[in-house]
Amino acid sequence: MTNPATHDGAAASRVDAESPLQQLRRQLHRRDPAVLIDGGWRPCVSADTITVDDPATGQVIATVAAGADADIDLAVAAARRAFRDGPWPRLPGWRRAALLHALADAIEARAGTFALLESLDAGHAIGSVRNGDLPLGLRALRDTAGWATKLAGEVPMRPAGQPGMDYFLREPIGVAGLITPWNAPFLMVLQKLATALAASCTVVVKPAELAPLSALWLGDLCRQVGIPDGVVNIVTGRGADAGRALAEHPDVNIVSFTGSTAVGRSIMAAAAHSNLKRVVLELGGKSPVMVFADADLDRSAKAIVDEIAFKCGQYCAAGSRVFVQRSVCDALLVRMHAAMDGIRIGPGVEETTTMGPMISAGQRQRAADIIGHSLAAGARVLRGGQARAGSGYFFEPTILTDVGADMRISREEIFAPVLNVTAFDDDASPEAVAALANDSRYGLSAKVWARDIGTVHAMVGLLESGQVIVNGGGSGAVTLPFGGVKQSGYGRENGQVGVEHFTEIKAVRLGC
Ligand code: NAD
């Protein structure tokens, strides 16, 4: 099997004349479709395959294995053996942490390859991957590695007069199924992997079939840095086959899932009908942005547009419903138009691109359908509103107005570079503004732009959301718990609370 995980700059002289992109394409072409089970790459049981497209051209760039039930059975069995009999859960925390740091160093040494791979596979602007997903993923991995030495039980004191002693242990939950989406494939796999491994679990990863390539490269590196066989297993495949089989598997102790609310429901049902495995769900969003009249309009307009252009709007926490105080609505719109004028649409792998294509023709058509439906119901397009002609799955940055609260554009996650803008009355109370924001089945992220601290505190208290970002929030915090309320899911990723999901508590009562 040829499964290269090249080190940047280590290419043979024969290929020196090739650009890094050409070298990568050649490696992808040569890579055999395979799943990683028990430390080795092997064809999937059915030998079925899935082709992977470049979203900028629609051309096939790779072929991966289409694993299904039989492969999931083998992968779960390998993970169970590694958990029950292998060294991983028995290693001292510092040894596990050292291996996770070694993995981070190995990724960092190949940062150029990972950025190019992710950009080619998911379509994202390479600058946004290089400066966003990669450093965020590495920080998450290194920070989470620290929890390997800090997870601990507690010794609560018994009340006076009650002899004996109580304590509880925090033990790894066991075999973890990690099911990830295509919109941030590298970051999602790495975050979940780091969290589960820091808690001493063993894992079966099922990456998204639309963008599975960075997960395969990560699998190579896990082997290279010496993570024991069977601890990390990777089964590519379709959601309805490999994903379903993992969610239903009776020997999996937890499924950590990031993806759509619809699939999240089926994961929960599968958990309930199989072995009542624990489920952590990071699902969709339709995040509100509230801009008050005293806000910094230059900064807020730019941040709103940058966020919806990031990953071409295919970002779960993107603010897509903008509510602005009426007296500054026009001024904000002028600035938003200017920011959209500056977006450079193109293939993600081109350095000048600031917004790449959408992931697939199907996702793009779905966005066009939601817009068409909402226009028929009375919404108005201020700019964009349609696909860009030519090859690839490009979409125009779009602003809609006159949107009704019941329109599809207000209620459904569109996952495209589309903003709805609605003015609210200048004398609206914080409660009235929050009611607009909270009028959604989702509750993943909410953004507030205001200078008045009283307004900020009032909104933070009133918003139904797993996260509130005030005035841009500063730099990305990978140590802060991230997750949603309502139908955006439950459970949190990152930090102590994220790692603790992968543990069980065992209470001990010591009598005299
Ligand atoms: P998706 O739900 O279609 O797929 C996610 C993963 O689930 C994929 O690996 C897919 O193969 C698998 N899957 C599909 N059907 C399955 C089934 N029946 N059983 C088990 N697994 C199955 O989501 P997507 O389209 O890949 O990703 C986009 C969605 O992810 C959006 O809704 C977005 O908001 C969400 N998302 C959420 C977060 C968050 O942290 N809350 C982060 C990123 C993306």
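Residues numbered from 1 in each chain as written. Predicted model: local features only at pLDDT ≥ 70, side-chain atom pairs only at ≥ 80, totals over all residues. Heavy atoms only, no water.

Digging into the overall build of the chain
Right, so step 1: The helix and strand tally for the chain stands at 16 helices and 21 strands.
Right, so step 2: Over its C-alpha atoms the chain spans a radius of gyration of 24 Å, differing by no more than 12% from the 24 Å that the globule rule assigns to 512 residues.
Right, so step 3: In terms of principal-axis extent, the alpha carbons of the chain reach across some 80 × 65 × 40 Å.
Right, so step 4: Across the 512 residues of the chain, 54% fall into the buried class.
Right, so step 5: In the chain, 74% of the contacts between residues at least 6 apart in sequence involve partners at least 24 apart.
Right, so step 6: For the chain, the distance from the average site of its 49 positive side-chain charges to the average site of its 53 negative ones is 4 Å. (Helix = DSSP H or I, 4+ residues; strand = E, 2+ residues; numbered from the N terminus. Rg over C-alpha atoms; globule rule 2.2 N^0.38 Å. Buried < 20%, exposed > 50% of the residue type's maximum accessible area, 1.4 Å probe, protein only. Contact = heavy atoms within 4.5 Å. Lys, Arg positive; Asp, Glu negative; His and termini not counted. Charge placed at Lys NZ, Arg CZ, Asp CG, Glu CD.)

Some thoughts on the pairing of strand β6 (residues 175–179)
Right, so step 1: Of all 5 residues that make up β6, 5 are buried, and the element is covered over most of its length.
Right, so step 2: Residue alternation in β6 divides its side chains into two sets, Val 175, Gly 177 and Ile 179 and Ala 176 and Leu 178, and both sets are buried.
Right, so step 3: In terms of strand pairing, β6 meets strand β7 (residues 202–206) through 5 bridges, oriented parallel. The residue of β7 that forms the bridge with Leu 178 is Val 205.
Right, so step 4: Read as a crossover between parallel neighbours, the route from β6 over helix α6 (residues 185–198) to β7 is right-handed. (Pairing = 2+ DSSP bridges. Right-handed = clockwise from strand over helix to strand, strands pointing away.)

Some details on the site of the ligand
Right, so step 1: Not every one of the 28 residues close to the ligand is listed here, only the nearest: Trp 182, Lys 206, Glu 209, Ser 260 and Glu 413.
Right, so step 2: Between Glu 209 and the ligand, the recorded distance is 2.5 Å, taken from a side-chain N or O atom to an oxygen atom.
Right, so step 3: Gly 259 is positioned such that a nitrogen or oxygen atom in its backbone is 3.4 Å from an oxygen atom of the ligand.
Right, so step 4: Calculation on the ligand without its partners gives an accessible area of 850 Å², and the protein chains cover 89% of this total.
Right, so step 5: Elements with a contribution of two residues or more to the shell around the ligand: α8 (239–248), β9 (254–258) and α9 (261–273). (Near = heavy atom within 4 Å. Polar contact = N/O pair within 3.5 Å; in protein donor to acceptor, adjacent residues only side chain to side chain. Areas by Shrake-Rupley, 256 points an atom, 1.4 Å probe, with all protein chains shown as cover.)

Describing the environment of Ile 345
Right, so step 1: Tracing the backbone through its elements, the reader meets Ile 345 in the loop between α11 (329–341) and α12 (361–376).
Right, so step 2: Put simply, Ile 345 and Ala 125 are 220 residues apart on the chain and 8.9 Å apart in space, counted from C-alpha to C-alpha.
Right, so step 3: In contact with Ile 345, other than residues within four places in its own chain, are Thr 353, Met 355, Arg 388, Phe 394, Phe 395, Glu 396 and Pro 397.

Examining the environment of Ala 75
Right, so step 1: Residue placement: Ala 75 occurs in helix α2 (residues 69–84).
Right, so step 2: In this structure the C-alpha to C-alpha distance between Ala 75 and Asp 38, which are 37 residues apart in sequence, comes to 7.1 Å.
Right, so step 3: Non-local contacts of Ala 75, meaning those with residues more than four positions away in its chain, are made with Ile 37, Val 204, Asn 233 and Val 235.

Some remarks on helix α3 (residues 93–109)
Right, so step 1: End to end, α3 covers 24 Å across 17 residues, agreeing with the expected 24 Å (1.5 Å per residue, within 8%).
Right, so step 2: Those residues of α3 lying buried are Gly 93, Arg 96, Ala 97, Leu 99, Leu 100, Leu 103, Ala 104, Ala 106 and Ile 107.
Right, so step 3: Of the surrounding secondary structure, the elements contacted by the buried residues of α3 are α4 (111–122), α5 (126–145), α6 and α7 (213–225). (Expected span 1.5 Å × (residues − 1).)

Re the pattern of salt bridges
Right, so step 1: Counting across every chain of the model gives 32 salt bridges.
Right, so step 2: A salt bridge links Arg 244 to Glu 248, with the nearest nitrogen and oxygen atoms 3.0 Å apart. Of the two residues, Arg 244 and Glu 248 both sit in helix α8, 4 residues apart, roughly one turn of that helix.
Right, so step 3: Note that Lys 486 and Glu 464 form a salt bridge whose closest N and O atoms lie 2.7 Å from each other. Of this pair, Lys 486 sits in strand β19 (residues 485–486) while Glu 464 sits in the loop between α15 (453–462) and β18 (468–470), placing them 22 residues apart in sequence.
Right, so step 4: A relative accessible area of 40% means that Glu 464 is categorised as partly exposed.
Right, so step 5: Connected through salt bridges with shared partners, the residues Asp 69, Arg 244 and Glu 248 form a single ionic network. (Salt bridge = Lys/Arg side-chain N within 4 Å of Asp/Glu carboxyl O.)

Structural notes on the packing of aromatic side chains
The description of an aromatic ring pair uses the distance of the two centres, along with the angle that the planes make with each other.
Right, so step 1: Applying the stated criterion across every chain yields a total of 4 aromatic pairs.
Right, so step 2: With centroids separated by 5.6 Å and ring planes inclined at 80 degrees, the aromatic side chains of Trp 182 and Phe 415 adopt a geometry described as edge-to-face. Of this pair, Trp 182 sits in the loop between β6 and α6 while Phe 415 is found in the loop between α13 (408–411) and β15 (418–424), placing the two residues 233 residues apart along the sequence.
Right, so step 3: Pairing Phe 310 with Tyr 315 gives two aromatic rings, centres 5.2 Å apart and planes at 85 degrees, and the pair type is edge-to-face.
Right, so step 4: When its relative accessible area of 26% is taken as the criterion, Phe 310 is described as partly exposed. (Phe/Tyr/Trp six-rings, centres within 6.5 Å; stacked < 30°, edge-to-face > 60°.)

A few points about unusual backbone geometry
Right, so step 1: Phi is positive for Leu 276, which is not a glycine, with a value near 55 degrees.
Right, so step 2: Judged by relative accessible area, which is 70%, Leu 276 ranks as exposed.
Right, so step 3: Unusually for a residue other than glycine, Asn 471 sits at a positive phi of about 50 degrees.
Right, so step 4: A relative accessible area of 25% means that Asn 471 is categorised as partly exposed.

Topic: the domain arrangement of the chain
Right, so step 1: When its domains are assigned, the chain resolves into domain 1 (16–283 + 490–506) and domain 2 (287–477).
Right, so step 2: The C-alpha-based centres of domain 1 and domain 2 are spaced at 30 Å.
Right, so step 3: Between domain 1 and domain 2 lies a buried interface of about 2100 Å² when both sides are counted; carbon and sulfur atoms form 57% of it.
Right, so step 4: Among the residues domain 1 hides against domain 2, the three largest losses belong to Pro 55, Ala 56 and Trp 182. Together they make up 25% of the total.
Right, so step 5: Joining domain 1 to domain 2, the criterion identifies 2 salt bridges.
Right, so step 6: Those elements that place two or more of their residues in the side of domain 1 that touches domain 2 are α4, α5 and α9.
Right, so step 7: The greatest single-element share of the side of domain 1 that touches domain 2, amounting to 6 residues, is contributed by α5.
Right, so step 8: Its residues placed into classes, the side of domain 1 that touches domain 2 shows 13 nonpolar, 9 polar and 7 charged. (Domains from an automatic or database assignment. Buried area = accessible area lost by both parts, 1.4 Å probe. Nonpolar A, V, L, I, M, F, W, Y, C, P; charged D, E, K, R; others polar.)

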